[in-house]
Amino acid sequence: MPPTLHLRLPPPPLKCLFNLRSQRHAVRHSSTAASTPPPSRRRPKTAMFFPGQGTQKVGMLTPLLSAFPRTVKPLFELLDDTLPPADGQAPLSRIIAEGPNEVITATENAQPAILFTSIVILRILEQEFNLSPRAQTDFFLGHSLGEFTSLVAAGVLKLEEVLRLVRRRGEVMRDCAIRASIPEMEGGPGETGMVALLVEQKYLPGLIASVDSFMHSETLPNDEFLSIANINSSTQIVLSGHLKAINMCICHIRKFSGHDPRALRLNVSAPFHSMVMAPAVPVVARMLQEMEVVFPPPDGAEVIANVTAKPYESAEQLRQQLAMQCTATVKWAESIKYLDLERDVARWIGIGPGKVGRNLVGREVRGGMKRVVGVEGNDAKNLEDAVKALERMDVD
């Protein structure tokens, strides 16, 4: 049975989440509750998911700071105490608020900024709307960087420690990208990056096979890297590495494989989930060894690993696979399919900036977008609408 939830009533006019009406009924009839408890309905099995890089935006927390200063201001203070500004840089709180865009997009800033924004939204739901999302969630997962957020949300890792980890992870990944991006005019492989390839669903298996064939049959120079970084959905994969190698692969696919995928370069500053990032693996592994891992997660939840698309089974496995994630393929589509078809998840809650993750999930699960609620945190109204949508979903 799912864990019992005890909620305080939120301020009017908002209703609280997850069968509040039945709780009010129980309170009004407490004298008979012991002998004849009111009937209760099992809530939908729920997964909470978090976004990765590319969702950052200057000013993404400004409306929430204005609307909920009691909750958000102390969290900003915690952020700047945990991550002192680097030499010559503004505090991360100011970068989130004011940018400029090229600074917040830098991976050493984007990673902690996106994770922090997602957790701020979650804390507002808890403290301003009197919800207990963690106690009402069966599965946590996140896309790439979002996996670290999911572990904080699930109570497995501490926020301050993870902020320091992803800042350091971002710094190492930045340095990896710089070292790998030797200009072609200097005899190097040139710029690195990530490119999404989109095809019709029926062509995706063939596209993946074509990329695998190219990577194993074509001889790239020793200083060029190419990987499938993400399998995001039934219609999208992402290639990562040197843009020269990526473009060669796309040309090969179009010429010899009968596919003509739409190619879209992503707004990221490094080729994540490729072997370019190999030096980051031991750094993350070492930091994880020094961190407390609460396992199994509190409240009986499970956390899905990007590397395997299955739940973590132990703290040691978590430490190993979370470090491997720096270079491994993110099996996002497989994770969603596993939870949807094998674990019967019926309610999906996306928390964090941007709508990309919500759209990816909504296009893949049974019931489509009506089973997915996105809590982007654009403003107070977005949060209020999300709370109401979750309540409606609970009684549908």
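Residues numbered from 1 in each chain as written. Predicted model: local features only at pLDDT ≥ 70, side-chain atom pairs only at ≥ 80, totals over all residues. Heavy atoms only, no water.

For the rest of this paragraph, the subject is the overall build of the chain. For the chain, the helix and strand inventory stands at 16 helices and nine strands. The proportion of buried residues among the 396 residues of the chain is 54%. Across the chain, every contact between residues at least 6 apart in sequence was considered, and the portion connecting residues at least 24 apart equals 74%. Summed over its atoms, the accessible surface of the chain is roughly 17,600 Å², and 52% of this surface lies on carbon and sulfur atoms. (Helix = DSSP H or I, 4+ residues; strand = E, 2+ residues; numbered from the N terminus. Buried < 20%, exposed > 50% of the residue type's maximum accessible area, 1.4 Å probe, protein only. Contact = heavy atoms within 4.5 Å. Areas by Shrake-Rupley, 256 points an atom, 1.4 Å probe, with all protein chains shown as cover.)

This part covers the pairing of strand β3 (residues 192–198). Two faces make up the sheet, and in a regular strand the side chains alternate between them. In terms of burial, β3 is largely enclosed, as six of its seven residues are buried. Bridge analysis of β3 against strand β5 (residues 236–242) gives seven bridges, and the strand direction is antiparallel. Directly across from glycine 193, in β5, lies its bridge partner glycine 241. The pairing of β3 with strand β6 (residues 262–265) spans four bridges and is antiparallel. Looking at the pairing, alanine 196 lines up with leucine 264 of β6. (Pairing = 2+ DSSP bridges.)

For the structure on display, the rule yields three aromatic pairs. Taking 6.5 Å as the distance between ring centres and 65° as the angle between the ring planes, the aromatic pair formed by phenylalanine 49 and tryptophan 332 counts as edge-to-face. Separated by 283 residues along the polypeptide, phenylalanine 49 in strand β1 (residues 46–50) and tryptophan 332 in helix α14 (residues 332–342) bring together distant segments of the chain. A single burial state applies to phenylalanine 49 and to tryptophan 332, both of which are buried. Each ring, one from phenylalanine 76 and one from phenylalanine 116, has its centre 5.4 Å from the other, and the planes form 50°; the classification is tilted. Placement of phenylalanine 76 in helix α4 (residues 69–82) and of phenylalanine 116 in helix α7 (residues 107–127) is noted, with a sequence separation of 40 residues between them. Both residues of the pair, phenylalanine 76 and phenylalanine 116, count as buried. (Phe/Tyr/Trp six-rings, centres within 6.5 Å; stacked < 30°, edge-to-face > 60°.)

Across the sheet, which stays open at both edges, the four strands sit in the order β4-β5-β3-β6 with antiparallel pairing between neighbours. Two strands in the sheet have a free side with no partner beyond their single neighbour: β4 (226–233) and β6. The average angle at which neighbouring strand axes cross in this sheet is 25°, direction not considered. (Axes fitted to C-alpha atoms, helices over the stretch in contact; angles between N-to-C directions.)

With respect to the helices, strands and loops of the structure, glutamine 321 is situated in helix α13 (residues 315–324). For glutamine 321, a relative accessible area of 12% puts it in the buried group. Non-local contacts of glutamine 321, meaning those with residues more than four positions away in its chain, are made with Ala305, Val307, Thr308 and Tyr312.

Bringing the side chain of threonine 137 into the picture now. By the secondary structure assignment, threonine 137 is in the loop between α7 and β2 (139–142). A polar atom in the side chain of threonine 137 sits 2.7 Å from the backbone oxygen of proline 133. Apart from the residues within four sequence positions on either side, threonine 137 is in contact with Arg43, Thr46, Ala47, Met48 and Ala301. (Polar contact = N/O pair within 3.5 Å; in protein donor to acceptor, adjacent residues only side chain to side chain.)

Put simply, glycine 99 and proline 100 share a cis peptide bond, and its omega is 5°. Within the secondary structure, proline 100 sits in the loop between α5 (92–98) and α6 (101–105). One non-glycine residue, histidine 273, adopts positive backbone phi at about 60°. Relative to the elements of secondary structure, histidine 273 occurs in the loop between β6 and α12 (280–289). The phi torsion at aspartate 344 lies on the positive side, around 55°, for a residue other than glycine. Among the secondary structure elements, aspartate 344 is positioned in the loop between α14 and β8 (347–351).

Applying the stated criterion to the full structure yields two cavities of 30 Å³ or more. Considering only enclosed or pocket space, the largest cavity measures out at about 80 Å³ in volume. Lining the largest cavity are 14 residues, with Phe49, Gly350, Gly352, Gly354 and Arg358 positioned closest to its centre. Broken down by secondary-structure element, the contributors of at least two residues to the lining of the largest cavity are β1, β8, α15 (356–362) and β9 (372–375). Partitioned by chemical class, the residues of the lining of the largest cavity number six nonpolar, five polar and three charged. (1 Å grid on protein atoms, 1.4 Å probe; cavity = no way out; pocket = protein on both sides within 12 Å on 5 of 7 lines; lining within 4 Å. Points joined across faces, edges and corners; volume = space filled by probe spheres on them. Nonpolar A, V, L, I, M, F, W, Y, C, P; charged D, E, K, R; others polar.)

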